[in-house]
Amino acid sequence: MLQACLNGARNVSLHQRLAADPAMIAQEAAAAVAAGAHSLHVHPKNPQGADTMEPHYVTQWLRAVRHACPDVPVGVTTGAWTSPDASSRVKMVESWREAPDFASVNWHEDGAEEVAGALHARGIGIEAGIWHADAARRWACSPFRAECLRVLIELQDIPAEAVEGEAKCLLELLREPAVQVPTLLHGEERSTWAALKLAARWGLDTRIGLEDTLLLPHGERAEGNAELIAAAKNLLAA
């Protein structure tokens, strides 16, 4: 499975295909799907360009993306930067008028279990975001680990040569014979393309998009999400 991560928490001024306008990101979504993406991850934003979980904006963004990409699963973020108070994030999940197909939960953040519980109660798929070893250990002990749609091994901005060692460490911490959850491996910035190649070699799901990198495999600036997806498809097929 190749997921397109369309925008992330990046400042919209960093690339011409990033925007606070859901209509533009919906266009990016459609182009990414046409290029081969199987699912979509998006960060709804308010008019000022800040990530938000507020129901009005989540509904607006989901409707725009779903209109452009019918029948394609769409997920959103629940990152703590959208609202540092965990209880407010739980209330927003409970208040979403239009629910995403799935939502990512960063397991190292305060309130991760509560947010995951709110998602599970609404039948929204949970993507467990694992950034480091402590998060992996916390998730391995979570009562929600078997309820997750998938677990995301999210390698941070590390040198490409460090990617395989870090990924192996996290994967070993996450393996539990009694719990079989699909794994998506991806990186960001310097680790992006090395992680994608490793995911292909290990037979894992992966993702690519302007959230993770603005650059193509050889360092050229990507024109948009579709070009990143196309480059990823070529690498995965090699």
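Placed above this text is the structure.
Residues numbered from 1 in each chain as written. Predicted model: local features only at pLDDT ≥ 70, side-chain atom pairs only at ≥ 80, totals over all residues. Heavy atoms only, no water.

(A) Expanded view of the side chain of Arg-89. Structurally, the position occupied by Arg-89 is in helix H3 (residues 86-95). Here Arg-89 is buried and forms no salt bridge, its nearest opposite-charge partner Glu-109 lying at an N-O distance of 4.1 Å. There is a polar contact of 2.8 Å between the side chain of Arg-89 and the backbone oxygen of Ser-83. With residues near it in sequence (within four places) discarded, Arg-89 still touches Met-53, Thr-78, Gly-79, Ala-80, Thr-82, Ser-83, Pro-84, Glu-109, Asp-110 and Val-115. (Helix = DSSP H or I, 4+ residues; strand = E, 2+ residues; numbered from the N terminus. Buried < 20%, exposed > 50% of the residue type's maximum accessible area, 1.4 Å probe, protein only. Lys, Arg positive; Asp, Glu negative; His and termini not counted. Salt bridge = Lys/Arg side-chain N within 4 Å of Asp/Glu carboxyl O. Polar contact = N/O pair within 3.5 Å; in protein donor to acceptor, adjacent residues only side chain to side chain. Contact = heavy atoms within 4.5 Å.)

(B) Looking closely at the pattern of salt bridges. Under the criterion given, the structure shown has 12 salt bridges. Here Asp-51 makes a salt bridge to Lys-45, at a shortest N to O gap of 2.5 Å. Classification of Lys-45 as buried rests on a relative accessible area of 2%. Residue Lys-168 is joined to Glu-164 by a salt bridge in which the shortest nitrogen-to-oxygen separation is 3.5 Å. Linking Lys-168 with Glu-164, this pair stays in helix H6 (residues 163-174), spanning four residues, or about one helical turn.

(C) Here's a closer look at the sheet that holds strand S8 (residues 206-208). Overall, parallel pairing links the eight strands, which are arranged S7-S6-S5-S4-S3-S2-S1-S8 in an open sheet. Pairing within the sheet leaves two strands with one partner each, and these edge strands are strand S7 (183-186) and S8. Direction aside, neighbouring strands of the sheet carry axes that sit 25° apart on average. Two elements, strand S4 (residues 102-106) and strand S5 (residues 125-130), share five bridges in a ladder whose sense is parallel. When the sheet's bridge partners are listed, Asn-106 is paired in S5 with Gly-129. (Pairing = 2+ DSSP bridges. Axes fitted to C-alpha atoms, helices over the stretch in contact; angles between N-to-C directions.)

None of the figures reported here should be taken as evidence of function without further support.
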